[in-house]
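Geometric and topological summary
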Amino acid sequence: MAGGAPSGGSSASDTYAPTRHWLLAPSWFVLGFFTLAPILIMLVYSFLTKEFRGGVIWEPTLAAYDQFFFDRGLFGDADPTLQWTYISIFWRSIWQAGVATILSLLIGFPTAYFIATRPEKSRALWVFLITIPYWVNLLIRTVSMKFLMRDEGPLNDFLMNIGLIDAPLHMINTNFAVQMGLFYSYLPFMVLPIYASVERYNFTMSEAAADLYASKFQTLRRIVLPAVKPGVIAGCILVFVPSLGAFLAPDLLGGAKNFMIGSLIEEQFKGNAGNWPFGAAASMILLTMVMTILLVFAGQQRRAGQDT
Amino acid sequence: MSAFNDVKTYTGFRFITLLCVFILYAPLLVVTVYSFNASTSITVWEGLSLRWYVDVFVGPESAKFKQAAVNSFSIAFIAATIATAIATAAATAIVRGGLFRARGVSLGLITLPIMVPEIVLAVATLIFFNSIGFDRGFMTILVAHIAFCIPFAYLPIQARMQGIEDTYEHAAMDLYATKWQAFRRILMPLMMPGIISGFLLAFIVSLDDFIITNFVKGAGIETLPTAIFGSVKQGLKPNIMAISTMLLGLSVVMVTISYFVSKSDNTK
C-alpha cells in the first residue's frame, strides 16, 4: 500500500501492519478486563437486589432505579410519587458545574485569546504557565482552596485589611465555595482548547470586519466567536463534565449540606448507606449523561469538520 | 502594522490573563508560604521555620506518611512503566499499522478511562474486584492505576510518532534491518521524547489519584493522597502544608522536565 512512499507519518503508514494485533493485544487485555468489563458488571449490579451489609444478592430487580425516581412510602406500598431527593442532588450538580463552567469561560476566553495573540515565541511559555497548576495534585489544590477560604483564612484577612469587609465572610461549606473549587480545579481545561482555536483563527477576517466599520465588540461577537466556537464548546465540556462527577471539591469545600452526585455515589460504597445497586444505578445515570454530552459534541465536531 | 494590531487586541484581556495566572497560582503560593510557618496554628504567622518539614519526617505521623509515600511512589513507578510499554506498543499499531477495522474501536478503548467520570470508574473497579473475589490491597490499586494511566501515556507517544516520517524505518529496512531492529534502533530513539513525557504524565496521574485509589485500596493500606485526605478530614494541620508543598514541587519539576523533553526535537 503506502510502501516506501513518504507519508508524513499519516495514518496510512503501515510498516508494522502484520504485527498490529499483537501490538494492540496488551492494551485490549488490560483495558478490556479492568475498564470495560467493570463498567458492564456495574451495569448488571445496578439491576440486582441490595444486600444489607454492602454487596448484592443475585436477584434481578429495578429497585435501584425505582428508588432513584420514586417515593413509595416507608413500607414501599404507597402510591409512587416522584422522589425529589436524588433528582435535586443531580440538579444541584448540574447547576454547580454550570456556574463553574461559566466562570471559567469568562476568565478563560480572554486569557486564551490574549495568549494566542502574543508573539509566537512567548506563546508556548504562557501555555506552559497555564498548564502547570493542572498537573499539581487535585487534592492539594482543593485543600489549598479550603485553607484560603476559611473564616480565619488569608482571603478574609486580606479583604479585611484592605477594608472591603468588617467581619470575616463565611465562605467554606457553602455552594459558593464548591463553585470556586470546581472553577479553580478545571480552569486550565477551558483555556487550552480555546487557545488552540484562536491560534488557528485568521486575523485578516477581523481586519476585514474593521474595514467594514464593525465595532471591536461586533467583530468579537460576529466574527471571532463563531470562528472559534469549536474550541469554546470543547473547553466548556472539559470543565462541565469533570465538575459534574467531582467528589473532592463538594466534599472538602461544600460540607454535608451541599451534596453532589460524587458524594452521593461515594456514600453508597464508603459510608453508612451501603446500597451498592443504588450506587451502581446512580453511576450509570451519571455515565449516561456524560456519554450523551460527549456523543453530541463528537457529532457536532464531525459535521464542523465536513463543512471546512 | 500597528492598525492591524489594534484590530487584534482588546483592552482588558491582558488584565484578565494576569488575573487568571494569579488565580491559578495564589492558592498554591499561600500554602507554600504557610508551610514554612513556625506557629503550631495554621492561622497565626510566627516567622519562618522548617519545623513542619522536620515533623513530616520524624514527627508522630511520620511512620504513616513514610509508608504512604513508599506505596504511592512504588505504585506510580510500576504503573507508569507498564502503562508506557503497553501504550508504546499500541501507538505503534495505531500509527504504523495501516488502516484496519479494529483501529477506531481500539482508539476508543484506549481513551475510555479519560472519557468515563473518575467516580464511575472507581465504582466499576470496586464492584469488579468484589465480584471476582479479589482481596483489596496493593495489587488492586496497582492494576487499577495501570489501566487508567494508559491513555495519559498513550497521547504524547502517539503525537510524537505521528510527527516522525516512516522513511527512516524504510531506509533501515532497505539496508536489511529487521522490523524489530528498525523499531529498536530507529523508531524508538526518535520516539523517546514522547515516551519520556508519556511516562512522566502517567507517573504524575498515578501519584495524584485519590478517588479510584480510595475505592479500591481496602482498609490496611494508604497512599499519599488517601493519607492526606484522612488527615485533612480531621482538620487542617501545618504538617499537611509541608507535605503538600513537597508534592507540589515534585509535580512542577516533573511537568517542567516533560515540557522540555517533548520540545526537544531529535529528528533533525
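Residues numbered from 1 in each chain as written. Chains lettered and ligands numbered in written order. Predicted model: local features only at pLDDT ≥ 70, side-chain atom pairs only at ≥ 80, totals over all residues. Heavy atoms only, no water.

**Focus: the overall build of chain A**
Let me state the cut-off plainly: Only DSSP runs of H or I reaching four residues or more are called helices, and only runs of E reaching two or more are called strands; each is numbered from the N terminus. All radius of gyration figures rest on C-alpha atoms, and the globule criterion is 2.2 Å times the number of residues raised to 0.38. Think of it in three bands: residues with accessible area under 20% of the maximum for their type are buried, residues over 50% are exposed, and the middle band is partly exposed, with areas taken using a 1.4 Å probe on protein chains only. All accessible areas in this document rest on Shrake-Rupley with a 1.4 Å probe, and a residue is counted as covered only by the protein chains that are shown. Positive charges are assigned to Lys and Arg, negative charges to Asp and Glu, while His and the chain termini are left out of the count. Where a charge lies is defined by one atom per residue type: Lys uses NZ, Arg uses CZ, Asp uses CG and Glu uses CD.
On a plain count of helices and strands, chain A comes out with twelve helices and four strands. For 308 residues, the compact-globule estimate of 2.2 N^0.38 gives 19 Å, and chain A exceeds it by more than 25% at 24 Å. Expressed as a percentage of the 308 residues in chain A, the buried residues total 51%. Carbon and sulfur atoms form 66% of the exposed surface of chain A, whose accessible area is close to 14800 Å². Across chain A, the centroid of the 20 positively charged side chains sits 8 Å from that of the 19 negatively charged ones.

**What to know about the overall build of chain B**
Operational definition: Only heavy atoms enter the contact rule, under which two residues are in contact if any of them lie within 4.5 Å.
When helices and strands are counted, chain B shows twelve helices and zero strands. Sequence-ordered secondary structure for chain B, helices as α and strands as β, is α-α-α-α-α-α-α-α-α-α-α-α. Counting over 268 residues, chain B shows a buried share of 57%. Taking contacts inside chain B between residues at least 6 apart in sequence as the whole, the part at least 24 apart equals 74%. Just so you have it, chain B exposes about 11400 Å², and 68% of that area is on carbon and sulfur atoms.

**Remarks on the pattern of salt bridges**
Stated formally: Salt bridges, as used here, are contacts in which a Lys or Arg side-chain nitrogen is within 4 Å of a carboxyl oxygen on Asp or Glu.
Summed over the entire model, instances satisfying the criterion amount to seven salt bridges over all chains. Between Glu 152 of chain A and Arg 150 of chain A there is a salt bridge whose closest N-O contact spans 3.5 Å. On the basis of relative accessible area, Glu 152 of chain A is assigned to the partly exposed category, the value being 43%. When the shortest N-O distance is used, the salt bridge between Lys 217 of chain B and Glu 222 of chain B registers 3.8 Å. The network of salt bridges with common partners includes Glu 61, Lys 64 and Lys 237 of chain B.

**Focus on the packing of helix H11 (residues 261-269) of chain A against helix H6 (residues 118-131) of chain B**
Defined as follows: Angular values range over 0 to 180 degrees, each being the angle between N-to-C directions of two axes fitted as lines to C-alpha atoms, with helices fitted over their stretch in contact. By definition in this entry, angles of less than 35 degrees are roughly parallel, angles greater than 145 are roughly antiparallel, angles of 65 to 115 are roughly perpendicular, and the rest are oblique. Handedness of each helix crossing follows the sense of rotation of the near helix against the far helix: counterclockwise by less than a right angle gives left-handed, clockwise gives right-handed. Under the scheme applied here, ten amino acids are nonpolar (Ala, Val, Leu, Ile, Met, Phe, Trp, Tyr, Cys and Pro), four are charged (Asp, Glu, Lys and Arg), and all others, including Gly, are polar.
Contact geometry for H11 of chain A and H6 of chain B: axes closest at 10 Å, N-to-C directions at 15°. When the interaxial angle is binned, H11 of chain A and H6 of chain B end up roughly parallel. Both H11 of chain A and H6 of chain B take part in a crossing whose hand is left-handed. Residue-level contacts link Gly 262, Ile 265, Glu 266 and Phe 269 of chain A of H11 of chain A to Ile 119, Val 123, Leu 126 and Ile 127 of chain B of H6 of chain B. When grouped by side-chain class, the residues that make up the contact of H11 of chain A with H6 of chain B number six nonpolar, one polar and one charged.

**A short note on the interface of chain A and chain B**
Accessible area lost on assembly of the parts is the figure often given for the size of an interface. For clarity, the threshold we go by: By convention, the term buried area covers the 1.4 Å-probe accessible surface removed from two parts as they join, with the contributions of both added. Pairs of N or O atoms within 3.5 Å make up the polar contacts considered here, provided that, within protein, one atom can donate a hydrogen while the other can accept it, and that residues adjacent in sequence are counted only when both atoms are side-chain atoms.
At the junction of the two partners, chain A supplies 101 residues and chain B supplies 99 residues. Carbon and sulfur atoms supply 76% of the area buried between chain A and chain B, which totals about 9000 Å² over both sides. One can count one salt bridge joining chain A with chain B. Residue Asp 251 of chain A is joined to Lys 233 of chain B by a salt bridge in which the shortest nitrogen-to-oxygen separation is 2.6 Å. Remark: the boundary between chain A and chain B carries 18 residue pairs in polar contact (both at pLDDT 80 or more). For the side of chain A that touches chain B, the element with the most residues is helix H1 (residues 20-45) of chain A, which contributes 19 residues.

**Examining helix H3 (residues 84-116) of chain A**
One turn of an α-helix holds 3.6 residues; hence residues three or four places apart share an orientation. As a reminder, the rule being used: Under the convention used throughout, the expected extent of a helix is 1.5 Å for every residue step, that is, one less than its residue count. At every residue, the bend is computed as the angle between two fitted axes, covering the seven residues ending there and the seven beginning there respectively.
With 33 residues, H3 of chain A extends 45 Å from end C-alpha to end C-alpha; this agrees with the ideal 48 Å at 1.5 Å per step. Maximum bend of H3 of chain A: about 30°, positioned at Gly 108 of chain A, with proline Pro 110 of chain A one to four residues after it.

**Observations concerning the packing of H1 of chain A against helix H4 (residues 62-96) of chain B**
Orientation of H1 of chain A relative to H4 of chain B, taken along the N-to-C sense of each, is 135°, at an axis distance of 8 Å. Taken together, the axes of H1 of chain A and H4 of chain B are oblique relative to one another. Relative to H4 of chain B, H1 of chain A is oriented so that their crossing is left-handed. Along the contact surface, H1 of chain A presents Arg 20, Leu 23, Leu 24, Pro 26, Ser 27 and Val 30 of chain A, while H4 of chain B presents Ile 86, Ala 89, Ala 90, Thr 92, Ala 93 and Ile 94 of chain B. For the contact of H1 of chain A with H4 of chain B, the class distribution of residues is nine nonpolar, two polar and one charged.

**Section: unusual backbone geometry**
Note: most peptide bonds trans; most residues except glycine with negative phi. Located in the positive-phi region is Tyr 213 of chain A, a residue other than glycine, with phi close to 65°. Position of Tyr 213 of chain A relative to the elements: it lies in the loop between helix H8 (204-211) and helix H9 (216-244). With relative accessibility at 76%, the residue Tyr 213 of chain A sits in the exposed group. The backbone of Tyr 176 of chain B shows a phi angle near 70°, a positive value even though the residue is not glycine. Looking at the element boundaries, Tyr 176 of chain B is found in the loop between helix H8 (167-174) and helix H9 (179-208).

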